[in-house]
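Listed below, chain by chain, are the residues.
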Amino acid sequence: MIRYSEKIDSTKLLGPGERAVLWVHGCCFDCPGCIAWNFRYGTFREETAEKLAEWVLSTSATGITISGGEPMLQAAELARMLEVVREKMDIGVIVYTGYVYETLLEKAGEEEGIRDFLRQIDLLIDGPYLEKQNNNEPFRGSFNQRILPLTERYKDLIEGYYHQSKGRQIEVRLQGDKTLMVGIPSKDQAAIWQRIKDLGSKQT
Ligand code: SF4
């Protein structure tokens, strides 16, 4: 089973093209200033890798971005999901992780799930969020995080995408009775988002 907090069928904010996004639940890191509190400790759902693969295939997305939370904690199941999707559709895969790539390569030597998952990833954004290195550049939370093409798929595309991005942009969506922020917020946007959340919790 894959434990996740949210999923959306489509956005253009988390990588090239129309992308489905899956935010997995739970994290083994504790980065000061992390705003993904809800994806670490909030409510979650669980579905099989096959069921979530069906969801990905039902969207019109040409890529999927997996964030969280920490995707590597569910590496084997996520690898299975992507394997099922790719049996039917050639989809691009972007993953955000708090681990640095070198650590993942070491772990991959012992953990089959990490090895399988890394094989499915086209672009990895690695490393923990470091508040002091948050310089408001697009696509990553802080400057220490690297944008690493693990395959050829986004290698040429990603530099253009990165430089053409008009700074950080977010979408705020209503999902049922909850609000969801999509994208990497600037410091100002994160502060506004926090105020919205505080307001919401006072009204409930
Ligand atoms: S790895 Fe990501 S979700 Fe986990 S604590 Fe750090 S910023 Fe938050």
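Note that this is a predicted model, so its numbers are computed, not measured. Positions within a chain are numbered from 1, following the residues in the order the chain's sequence is written. Local features in this predicted model are restricted to residues of pLDDT 70 or higher, and side-chain atom pairs are both shown and tallied only at a pLDDT of 80 or more, whereas totals for entire chains, interfaces and linings draw on every residue.

## Comments concerning the overall build of the protein chain
What counts here: Counting from the N terminus, the helices are the DSSP runs of H or I reaching at least four residues and the strands are the DSSP runs of E reaching at least two. Here the globule rule reads 2.2 Å times residues to the power 0.38, and the radius of gyration is calculated from C-alpha atoms. Exposure is read from a count of other C-beta atoms within 10 Å of each residue's own; the residue is exposed at 12 or fewer, buried at 20 or more and partly exposed in between. C-beta atoms are placed from the backbone.
Within the protein chain, the secondary structure is distributed over seven helices and nine strands. Taken over the C-alpha trace, the protein chain has a radius of gyration of 16 Å; the compact-globule value for 204 residues is 17 Å, and the two agree within 12%. Dimensions of the protein chain, computed from C-alpha atoms along their principal axes, come out at roughly 45 × 35 × 30 Å. The buried share of the protein chain, taken over its 204 residues, is 36%.

## Focus on the environment of glutamate 54
Inspection of the secondary structure assignment puts glutamate 54 in helix α2 (residues 49–58). Sequence separation between glutamate 54 and methionine 81 is 27 residues, and the spatial gap between their C-alpha atoms is 8.9 Å.

## Description of the packing of helix α3 (residues 75–88) against helix α5 (residues 112–120)
The line we're drawing: Here, axes are lines fitted to C-alpha atoms. For helices the fit covers the stretch in contact, and angles between N-to-C directions go from 0 to 180 degrees. It is the rotation of the near helix from the far one that decides the hand of a crossing: anticlockwise by less than a right angle makes it left-handed, clockwise makes it right-handed. Residues are scored as being in contact if the C-beta atoms we place from backbone atoms lie within 7 Å. In this classification, the charged set is Asp, Glu, Lys and Arg, the nonpolar set is Ala, Val, Leu, Ile, Met, Phe, Trp, Tyr, Cys and Pro, and all remaining amino acids, among them Gly, are polar.
Contact geometry of α3 with α5 gives a least axis separation of 7 Å together with a crossing angle of 40 degrees. Considering how the two elements wind past one another, α3 and α5 form a crossing that is left-handed. Seen from α3, the contacting residues are Ala75, Ala76, Leu78, Ala79, Leu82 and Glu83; seen from α5, they are Glu112, Gly113, Ile114, Asp116, Phe117 and Gln120. Classifying every residue of the contact of α3 with α5 gives seven nonpolar, two polar and three charged.

## What to know about the nonpolar core
Note the threshold: By convention in this section, buried Ala, Val, Leu, Ile, Met, Phe, Trp, Tyr and Cys residues joined through C-beta atoms within 7 Å make up a nonpolar core.
Within the largest apolar cluster, 40 residues are counted, with the highest numbers of intra-cluster contacts made by Leu22, Ile64, Leu78 and Met81. Considering each element in turn, this core owes the most residues, six residues, to α3. Leucine 22 has contacts with Tyr4, Lys7, Ile64 and Ile66, leaving out every residue within four places of it along the chain.

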